[in-house]
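Residue-level structure breakdown
Here are the chains, one letter per residue:
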Amino acid sequence: MKSAFRKGNVQSTLSRSFTSVLNPNPLIPNLPSIFSPVGKSSSISVSLFSTSASPSRGLRFLTTVSSYSSPPMADSDTHAPPGNSMESQFEKFRTQLDESGNLRERIRNVAMEIESVTRVMHANLLLVHQSRPVAEVLEKAKGQISVLKEHFNRLAEILQECPGEYYRYHNDWRSETQTVVSLLAFMHWLETGSLLMHTEAEVKLGLNTSDFGLDTEDYLVGICFMSNELPRYVVNQVTAGDYDCPRKVLNFLTELHAAFRMLNLRNDFLRKKFDGMKYDLRKVEEVYYDVKIRGLTANGESKRDQENEGQT
C-alpha cells in the first residue's frame, strides 16, 4: 500500500515539473500531460517517463516522439507579379506623360498660328471704325478665313491621334476659337445685319465633323465678344453722319440679349460676358436716345431743319 502510494507521488511530481518546463507561460493552456502509466498513450503521442511494474526498478525512460512537418512558408516575392511592380507602373506613367506633353506642344503651336491670323483680321476690321467702306474692309478680312480653316483642320488631324480626348486638350485652343468666332460674327453682321449661326461658323472653319466641332460655349462667348464692338461702331457711325445706325444696332442687340435670357447661365465666365452685353446695350440705347431727342434723321439733318426748309 505504501509502495503504491509513493509510486503515484513520484509520477505526479515528475509530471508537474516537466510540464512546467515544457510550457513555462502560464497564460497559454497547458499541454496534455506527457506522463502516463505504461500501456496508456497521451494526446500528443509523447511519453517520456513511465514506471515499471516492479518498484525496485525505479523509473524507466521512454522516448516516443511523433514527428510532423510544418507547411513551408510562402515566399513574399511570389505574390507580386512582375507586371504590377512599382517600377513598371511609373515607367508606364512616364511614357504616357511624355506622349501627352508632345501632343499638347503640337496643339499649342497650331493655336499660336491661329492667334497670329486673328490679330491680322482684327487689324483689318478696325478700319471700319474710321468710316472706311465696309466692302473694302471685309474683303481684306475674308482673305484670312481660308488660313484659319487650314489651321483648324490641322488641329482635327492631331486630335485624331487621341480619339475621345477632345475636352482634355480643349483649353489649349479655346480662347483663340472664341476670338475667331467674335471676328466672324462681326464680319457677318456688317455684311448681312444678322447673327452668325452656330452651324454657319462651323462651316466657315471646317469644324462640321463629329470628332472635332465648335463647342457651344465657345460660340456663345464669341458672340458676347462681338457685342463689345457694336457700341464703338455706333458712336463712330453717328459721328460720320449715319444716324440710322443706332436704331439698327439697338434692334439687333435687344433681340440678342433676349435670346441669351433664355439660357440658364451659371456663375462662370460665360455669365460674366453676358452681363457685359447689358452694358453694351445700354450704351447703344443712350446714343439712340440722344439722336432721337435731337431729331436727327438718316440724311444728317434734324426734323426742325427739314420743317424749316419745307416752309420756305
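Conventions adopted
Residues numbered from 1 in each chain as written. Predicted model: local features only at pLDDT ≥ 70, side-chain atom pairs only at ≥ 80, totals over all residues. Heavy atoms only, no water. Helix = DSSP H or I, 4+ residues; strand = E, 2+ residues; numbered from the N terminus. Buried < 20%, exposed > 50% of the residue type's maximum accessible area, 1.4 Å probe, protein only. Contact = heavy atoms within 4.5 Å. Areas by Shrake-Rupley, 256 points an atom, 1.4 Å probe, with all protein chains shown as cover. Salt bridge = Lys/Arg side-chain N within 4 Å of Asp/Glu carboxyl O.

**Some thoughts on the overall build of the protein**
When helices and strands are counted, the protein shows 11 helices and 2 strands. Listing each helix as α and each strand as β along the protein from the N terminus yields α-β-β-α-α-α-α-α-α-α-α-α-α. Looking at the protein as a whole, 34% of its 312 residues qualify as buried. Put simply, 63% of the contacts in the protein that link residues at least 6 apart link residues at least 24 apart. For the protein, the exposed surface amounts to about 20,100 Å²; the carbon and sulfur share of it is 53%.

**Looking at the pattern of salt bridges**
Enumeration over the complete set of coordinates arrives at 16 salt bridges. Notably, a salt bridge pairs E217 with R174, separated by 3.3 Å at the nearest N-O pair. Of this pair, E217 sits in helix α7 (residues 216-227) while R174 sits in helix α5 (residues 174-192), and the two are 43 residues apart along the sequence. Under the relative-accessibility criterion, E217 is labelled partly exposed at 28%. Through salt bridges with shared partners, a single ionic network connects E91, R94 and D98.

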